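# Observations on the model geometry
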Amino acid sequence: MKKIIAAAAALLVSGAGYAQGVEVLHWWTSGGEAAALNVLKGNLEKQGVKWNDMPVAGGGGEQAMTALRARVTAGNPPTAVQMLGFDITDWAKQGVLADLNAVAAKEGWDKTVPKALQAFSKHDGKWIAAPVNVHSTNWVWANKEVLDKAGVTKLPTNFDEFMDAAAKVQKAGFIALAHGGQPWQEATIFDGVVLATGGIDFYRKAFIQKDKAALGSDTMLKSFERMAALRKLVDKDFSNRDWNLAAAMVINGKAGFQIMGDWAKGEFLNAKKVPGKDFVCFRFPGTQGMVSFNSDQFAMFKVGGDKAAAQVKLASAIMDPGFQSAFNVVKGSVPARTDVPDTAFDDCGKKGMKDLAEANTKNTLVGSMAHGHAVPASIKNAFYDVITRHFNGQIDSKAAVKEMVAAASN
Ligand code: BGC
């Protein structure tokens, strides 16, 4: 009898049946993203927690957030939801998120999670989300062979040099800029362009403080003019292309550059490409020393008692230092804890960790507007709308500046 009970218990833990489960809503559906998510799934399943996957495709997570609203409205929220910045705060204000303070205190999260992230992981003194990574948007990804063939021997360090390098790539017969025409992707580029054009203080004034003088300034006008210049570097089929397909154009040597957050690195790695050899990563020219971050966090929803134990296991698994290293090595991001060594990371990852630490000390770390870490969704979406219509030639740069001022009041 004892033997049978032991066998049944082993079965429960080994996978044929699970004692506990978590339902997780996320938008990690590209090859690189799925590979990273598997690290987390595997980790939990080893602990006997079944993973009920709820993927909602769509880079940047807009579609996932729509799906989430429907679930919460129906009174049936998932256990955990991938979420960015102000969206977490918005849900916390609704009173629907769980209180993770017990596990956070036991594991000392207050001491190890950077304060810039805690601003979103905590609400009214309560931990409500577990941060899994820190991404940043001001990166460029380039195909090394394409650069060599085009005679680009030095990586650009300012916007004009970038335009010169792009012209060389075009001249050599390649697409200069691989881009997917979706509002969030254009906004991602805009993060870097505004940082490069106005610097850190201007970015803060415009995007964090929503200062009307900054939003309506000549610097903003110049930023839009630069967006118009970048628009000339993309191919004719860019409209509505997914970001990972744009990354594939650089991976396959069709295009020279992609301006994208470091989740793009996950695609290069998934295609077995090696940083420094097959591809290069560098900060958006003119933003060296600055970091516009976005952190994926798993917001935990209030769930019934039987599901709460598995939820705590999930939160604890996410915050485990070994997991944070293993996951972020694959994802392209860097750990959401300050005590994880960089030993397992490639050169781009090591640079990402160093840049983040330095930006944090020098006060050049800012939340990404494009990924919900500067302003709440209502204003972010209004900014998206202006940036995209401008990128598609529906309004000129002067009109775009005026509309940005108006959008900030949303
Ligand atoms: C998320 C990344 C994700 C990217 C593309 C970003 O908002 O932070 O984790 O890979 O969107 O889907």
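I will try to describe carefully the structure that is included in this document. What you are looking at is a predicted structure, and each value in this text was computed from that prediction instead of being measured.

## Topic: the packing of helix H9 (residues 159-171) against helix H12 (residues 218-231)
Closest axis-to-axis distance for the H9/H12 pair is 11 Å, and the angle between their directions is 10°. Classified by the interaxial angle, the pair formed by H9 and H12 is roughly parallel. Note on packing geometry: the crossing formed by H9 with H12 is left-handed. For the pair H9 and H12, contact is made by Phe-159, Phe-162 and Met-163 and by Arg-226, Ala-229 and Leu-230, respectively. Partitioned by chemical class, the residues of the contact of H9 with H12 number five nonpolar, no polar and one charged.

## Let's talk about the sheet that holds strand S2 (residues 49-55)
An order of S2-S1-S3-S13-S6 is seen for the five strands of this open sheet, with the pairing classed as mixed. Among the strands making up the open sheet, the edge pair consists of S2 and strand S6 (129-131). Taking each pair of neighbouring strands and ignoring which way they run, the sheet shows an average axis angle of 30°. Sheet topology note: the strand S3 (residues 80-84)/strand S13 (residues 296-300) ladder contains five bridges and is antiparallel. Looking at the pairing, Met-83 lines up with Gln-297 of S13.

## Let's talk about the packing of aromatic side chains
For the coordinates displayed, the defined rule picks out 20 aromatic pairs. Considering the side-chain rings of Trp-139 and Trp-141, the 5.5 Å spacing of their centres and the 35° angle between planes classify their relative orientation as tilted. Taken together, Phe-159, Phe-162, Phe-257, Phe-282 and Phe-284 form an aromatic cluster joined through their ring pairs. Over the aromatic face of Trp-139 sits the side chain of Arg-283, whose NZ or CZ is 3.8 Å from the ring centroid.

## Description of unusual backbone geometry
One non-glycine residue, Lys-272, lies in positive phi territory at about 65°. Along the polypeptide, Lys-272 turns up in the loop between helix H14 (264-270) and strand S11 (279-283). Here Asn-363, not a glycine, exhibits a phi torsion of approximately 60°, which is positive. Tracing the sequence through the fold places Asn-363 in the loop between helix H17 (347-362) and strand S14 (365-367).

## Overview of the site of the ligand
Close to the ligand lie 14 residues; Trp-28, Glu-33, Asp-296, Lys-331 and His-371 are nearest. Within the side chain of Glu-33, an N or O atom sits 2.5 Å from an oxygen atom of the ligand. With the chains in place, 100% of the 310 Å² that the ligand exposes on its own is no longer accessible.

## Digging into the nonpolar core
Judged by nonpolar contacts, the single largest core of 77 residues is most densely connected at Phe-190, Phe-207, Met-220, Leu-230, Phe-257, Met-369 and Phe-383. The element best represented in this core is helix H10 (residues 183-208), accounting for 13 residues. Residues in contact with Phe-207, not counting those within four places in the same chain, are Phe-190, Val-194, Met-220, Met-369, Ala-374, Val-375, Phe-383 and Met-404. Listed in part, the 60 residues of the second largest apolar core include Leu-25, Val-81, Val-132 and Ile-318.

## Section: the packing of helix H2 (residues 31-46) against helix H15 (residues 305-319)
Interaxial distance between H2 and H15 falls to 10 Å at its minimum, and their mutual angle equals 125°. It follows that H2 is oblique to H15 by the angle criterion. Between H2 and H15 lies a crossing whose hand is right-handed. Here H2 contributes Leu-40, Asn-43 and Leu-44 to the contact with H15, which in turn contributes Lys-313, Leu-314, Ala-317 and Ile-318. Partitioned by chemical class, the residues of the contact of H2 with H15 number five nonpolar, one polar and one charged.

Thresholds applied
- Residues numbered from 1 in each chain as written.
- Predicted model: local features only at pLDDT ≥ 70, side-chain atom pairs only at ≥ 80, totals over all residues.
- Heavy atoms only, no water.
- Axes fitted to C-alpha atoms, helices over the stretch in contact; angles between N-to-C directions.
- Helix = DSSP H or I, 4+ residues; strand = E, 2+ residues; numbered from the N terminus.
- Parallel < 35°, antiparallel > 145°, perpendicular 65-115°, else oblique.
- Left-handed = near helix turned anticlockwise from the far one by under 90°.
- Contact = heavy atoms within 4.5 Å.
- Nonpolar A, V, L, I, M, F, W, Y, C, P; charged D, E, K, R; others polar.
- Pairing = 2+ DSSP bridges.
- Phe/Tyr/Trp six-rings, centres within 6.5 Å; stacked < 30°, edge-to-face > 60°.
- Lys NZ or Arg CZ within 6 Å of the ring centre and 35° of its normal.
- Near = heavy atom within 4 Å.
- Polar contact = N/O pair within 3.5 Å; in protein donor to acceptor, adjacent residues only side chain to side chain.
- Areas by Shrake-Rupley, 256 points an atom, 1.4 Å probe, with all protein chains shown as cover.
- Core = buried A, V, L, I, M, F, W, Y, C linked by side-chain atoms within 4.5 Å.
- Buried < 20%, exposed > 50% of the residue type's maximum accessible area, 1.4 Å probe, protein only.

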